[in-house]
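For reference, the chains in residue letters:
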Amino acid sequence: ARVALACTLSRGGGSPVWAETIDVGESGMAVRAARPLRPDEVVDFDLTDSDHAHVTGRARVMRHSSPRVYALRFDALREPMKERLHGLVTRGASLD
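These remarks concern the structure in this document. Worth saying up front: this structure is predicted, and the values here are computed from it rather than measured. (Residues numbered from 1 in each chain as written. Predicted model: local features only at pLDDT ≥ 70, side-chain atom pairs only at ≥ 80, totals over all residues. Heavy atoms only, no water.)

## So, the pairing of strand β1 (residues 6-10)
- Alignment of β1 against strand β2 (residues 17-24), held across 4 bridges, turns out to be antiparallel. The partner of L9 across the bridge, within β2, is V17.
- Taken together, the 5 bridges between β1 and strand β4 (residues 42-48) define a ladder with antiparallel strand orientation. Considered in β4, the bridge of C7 is made with L47. (Pairing = 2+ DSSP bridges. Helix = DSSP H or I, 4+ residues; strand = E, 2+ residues; numbered from the N terminus.)

Written as structure tokens, this is what we have:
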């Protein structure tokens, strides 16, 4: 679903990378990041919607499609995060 959510990406060290989602699905997301990411890099993410609900987990950078836009695949997203993500995707799709 095309939905803009605040997203914080954390690496093993250093400062968090601020990002915003462009598209979010059950298996991954596309984000516009404030700083560069490396292909195959693993990051922890924290998505926040307008109701301040959080979805957290880990994702792998799959590709860099245009300036500062990256495709990420979720790695082993746990319950209840899957349910929260499904709610975000469903709400986002209903807004289109």
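## Examining the pattern of salt bridges
- Enumeration over the complete set of coordinates arrives at 5 salt bridges.
- With a shortest N-O distance of 3.1 Å, D40 and R60 are connected by a salt bridge. Highlighted residues: D40 in the loop between β3 (28-33) and β4 and R60 in strand β5 (residues 54-66), separated in sequence by 20 residues.
- Accessibility expressed as a relative area gives 52% for D40, which makes it exposed.
- Residue classification places R60 among the partly exposed positions, given a relative accessible area of 23%.
- Overlapping salt bridges bring together R11, R38 and E41 as one network. (Salt bridge = Lys/Arg side-chain N within 4 Å of Asp/Glu carboxyl O. Buried < 20%, exposed > 50% of the residue type's maximum accessible area, 1.4 Å probe, protein only.)

## Points about the packing of aromatic side chains
- This structure, assessed with the given rule, holds 1 aromatic pair.
- For the pair F45 and F74, a centre-to-centre distance of 5.1 Å together with 35° between the ring planes defines the contact as tilted. You can see F45 sitting in strand β4 and its partner F74 sitting in strand β6 (residues 69-75), a full 29 residues away along the chain. Both residues of the pair, F45 and F74, count as buried. (Phe/Tyr/Trp six-rings, centres within 6.5 Å; stacked < 30°, edge-to-face > 60°.)

## Some details on the environment of L77
- Checked against the element boundaries, L77 lands in the loop between β6 and α1 (81-95).
- With sequence-adjacent residues up to four places away left out, L77 is seen in contact with F45, T56, G57, K82 and L85. (Contact = heavy atoms within 4.5 Å.)

## Looking at unusual backbone geometry
- The amide bond that connects E79 to the next residue, P80, takes the cis arrangement and shows omega of 5°.
- Among the structural elements, P80 can be located in the loop between β6 and α1.
- Phi is positive for D40, close to 75°, though the residue is something other than glycine.
- Residues other than glycine seldom take positive phi values, yet R68 does so here, at roughly 60°.
- Examined against the element boundaries, R68 turns out to sit in the loop between β5 and β6.

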